[in-house]
Amino acid sequence: MATLSVLVALAIGLALFLFGMHELEGGVRALGGRTFQRWLSRSTASPVSSAAMGVLVTSILQSSSLVSLLVLAFASAGVLPLYNAVGVLVGANLGTTMTGWMVATIGFKLSLQALALPGMALGALLRLLPLRGRHWGALGRLIFGIGLILLGLDIMKEAVEGLSARWDLAVLRGQAIPVYFLAGIGMAGLIQSSSAVMMLTLAALNGGLLELPAAAALVIGADLGTTSTTLIGSIGGSVVKRQLALAHLLFNLVVDVLALLVVLPLLPLILSAFGLSDPLYSLVLFHSLFNLVGLLLFLPWLKPWSRWLGNRFLGGESAVVDLASVPVSVPDAALAATGRTLESMRLQAIALILHTFKLPVEALELPAELARELDAVLAMRESQEERYAWLKQQESGLLAFSYDLQAEQLSIDQVDVIQRQIREARSLSYSSKTLRDIREHLFVQRHSEQEAAQSLYRQHRHYMAHATGAYLRLARQAALRAGRADEIERLLRDNDAHYESANLQVSDMAARDLVSGTDLTNMLNVNRDLHHATKDLLRSLQEASA
């Protein structure tokens, strides 16, 4: 019974620790989540800066899982190139070792009872009081989480100290190093937290249940076992998620095997060089050291390794952003993903126009890179119905995603962006539907025996090449420049002028008895619907610029 009570106390302490980490993560996210998002998305220009950012952000947030979430979100949204995302992930491995230093210093060198309960009380008070500003509640959550972590540590520390009086320590000390390594993998895979395994190992080391080499092997195993989180999260996920999960697994596998076979045997020499005798500090130093060595070994090879990773799991999958793979809890990444979805919708809408009028990409006079992207969309060789169905599917997906996103705590600017994106998606959809509805009438004009009808079709075709080329060039501008609004207005006037000119041509044909009855009505309907389709297309630019 005594042993059972100790195990129950360990489980309670572990549960409090994990819940405390969850509350701490939530508080930090609410207080400075957007700041860290901006750091990750803007401060990763090179592999070195990416890895440094991973170390820094994880050290501050004390949550490699939160950093992994942000990295997966920005990579899935296309904000972070793969090699930068990999750099942040490998840097996060080193950053998370800071948890061990704090636990070793505070958790086992100070009395925790005097800190835990007052901290929890203060945190709960800040969350419950009707203070102005949401940051007070977030601060209360953070402090409450720290209090829970300290309380969990204290409970486990006392439970482990009691075990040494009841258990035969020879059973634990007599195992081979690989056994402890495998145990660490299993514990981290089960708990889904390398920080919790480190804390348990420090408690066992402090209580005399483990010797330092065995504790070091446990920590190495936990480092590898924690990759199960990203592996599980990548199942059925997007290509970039699977690529990053593979990167995380391979990096940890190589580093941890080297740590087990090379660094661990050198542990006595390392401790002698640093002049350390305290077993707790010795363990956290070892943990930080082998992760630092692994990071330094990988950095020179990060770009070629990322290029290799970039060719995994492709399988012909579309490069279109999968919104379902982007968490709405990271608004900046979510908005970047919806922006890229809109870019794909624009290209598909233009491809539908090119398909309808049998226009080559060269007729649009686009910049080389934009022309290549449009060529890639056309190379899919989809029918008009398939292109339109794809557009409707993307519009529906964007709407559903935006509703989930607006349930998050967004800034006024972020709400404005998502509302404008929704309006633009609808405008693109309306334009494509109108064009789809007149394709049969356009086919009749193109193959008409009347030269005047064919001339009208050629006029439509020439105008659409001009209008869609101007549309795509304007749509690609990063922001509303001086003169862009005027250019859109000019294009709208050109559209009105083309409509009037086309109607005059039809009237002339009717006056000369070249067309009448149903054919006359169809021509006028084509003029009107083509005018509306182009106007909706151009209005989508106004929505994006509003």
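Just so you know, these numbers come straight off a predicted model, no measurement behind them.

Cut-offs and rules
Residues numbered from 1 in each chain as written. Predicted model: local features only at pLDDT ≥ 70, side-chain atom pairs only at ≥ 80, totals over all residues. Heavy atoms only, no water. Helix = DSSP H or I, 4+ residues; strand = E, 2+ residues; numbered from the N terminus. Contact = heavy atoms within 4.5 Å. Polar contact = N/O pair within 3.5 Å; in protein donor to acceptor, adjacent residues only side chain to side chain. Phe/Tyr/Trp six-rings, centres within 6.5 Å; stacked < 30°, edge-to-face > 60°. Buried < 20%, exposed > 50% of the residue type's maximum accessible area, 1.4 Å probe, protein only. Axes fitted to C-alpha atoms, helices over the stretch in contact; angles between N-to-C directions. Parallel < 35°, antiparallel > 145°, perpendicular 65-115°, else oblique. Left-handed = near helix turned anticlockwise from the far one by under 90°. Nonpolar A, V, L, I, M, F, W, Y, C, P; charged D, E, K, R; others polar. Patch = residues over 30% accessible without salt bridge, like charges linked within 9 Å, V, L, I, M, F, W, Y side chains within 5 Å. Areas by Shrake-Rupley, 256 points an atom, 1.4 Å probe, with all protein chains shown as cover. Salt bridge = Lys/Arg side-chain N within 4 Å of Asp/Glu carboxyl O.

1. What to know about the environment of asparagine 291
At step 1: Among the structural elements, asparagine 291 can be located in helix α15 (residues 279-298).
At step 2: Distance from asparagine 291 to isoleucine 220, taken between C-alpha atoms, is 9.6 Å for residues 71 residues apart in sequence.
At step 3: Leave out the neighbours within four places in its chain, and asparagine 291 touches Asn93, Leu94, Thr97 and Asp223.
At step 4: Within the structure, asparagine 291 has its side chain in polar contact with the backbone oxygen of histidine 287 (distance 2.9 Å).

2. Quick notes on unusual backbone geometry
At step 1: Despite not being glycine, glutamate 365 has its phi angle at roughly 55°, a positive value.
At step 2: As for its placement among the helices and strands, glutamate 365 is situated in the loop between α17 (331-357) and α18 (368-378).
At step 3: Phi at aspartate 513 takes a positive value of approximately 60°, unusual for a residue other than glycine.

3. Here we look at the packing of aromatic side chains
At step 1: A complete count under the given rule lists five aromatic pairs for this structure.
At step 2: When the ring of phenylalanine 298 is compared with that of tryptophan 305, the centres are 5.0 Å apart and the planes differ by 65°; the resulting orientation is edge-to-face.
At step 3: By relative accessible area, phenylalanine 298 is classed as buried at 15%.
At step 4: You can call tryptophan 305 buried: its relative accessible area is 13%.

4. Structural notes on the packing of helix α4 (residues 82-95) against helix α13 (residues 239-263)
When two helices pack together, you describe them by how their axes are tilted relative to each other and by the distance separating the axes.
At step 1: One way to put it is that α4 packs onto α13 with a least axis distance of 10 Å and a crossing angle of 40°. Taken together, the axis directions place α4 and α13 in an arrangement best described as oblique. Where α4 crosses over α13, the handedness of that crossing is right-handed. From α4, Leu82, Ala85, Val86, Leu89, Val90 and Asn93 reach across to α13, where they touch Val240, Gln243, Leu244, Ala247, His248, Phe251 and Asn252.
At step 2: Of the residues belonging to the contact of α4 with α13, the class tally is nine nonpolar, four polar and no charged.

5. Focus on the environment of aspartate 496
At step 1: Tracing the chain through its elements places aspartate 496 in helix α23 (residues 484-511).
At step 2: Here aspartate 496 falls in the partly exposed class, since its relative accessible area comes to 35%.
At step 3: The spacing of aspartate 496 and lysine 535 is 39 residues in sequence and 8.7 Å in space, taken between C-alpha atoms.

6. A few points about a nonpolar patch on the surface
At step 1: On the surface, Leu253, Val254, Val257, Leu258, Leu261, Val262, Leu266, Leu269, Val293 and Leu297 cluster together to form a nonpolar patch covering roughly 830 Å² of accessible area.
At step 2: Mapped onto the nonpolar patch, the elements with two or more residues apiece are α13 and α15.
At step 3: With six residues, the single largest contributor to the nonpolar patch is α13.
At step 4: As for its position among the elements, valine 254 is in helix α13.

What is shown is where atoms sit, not what they do.
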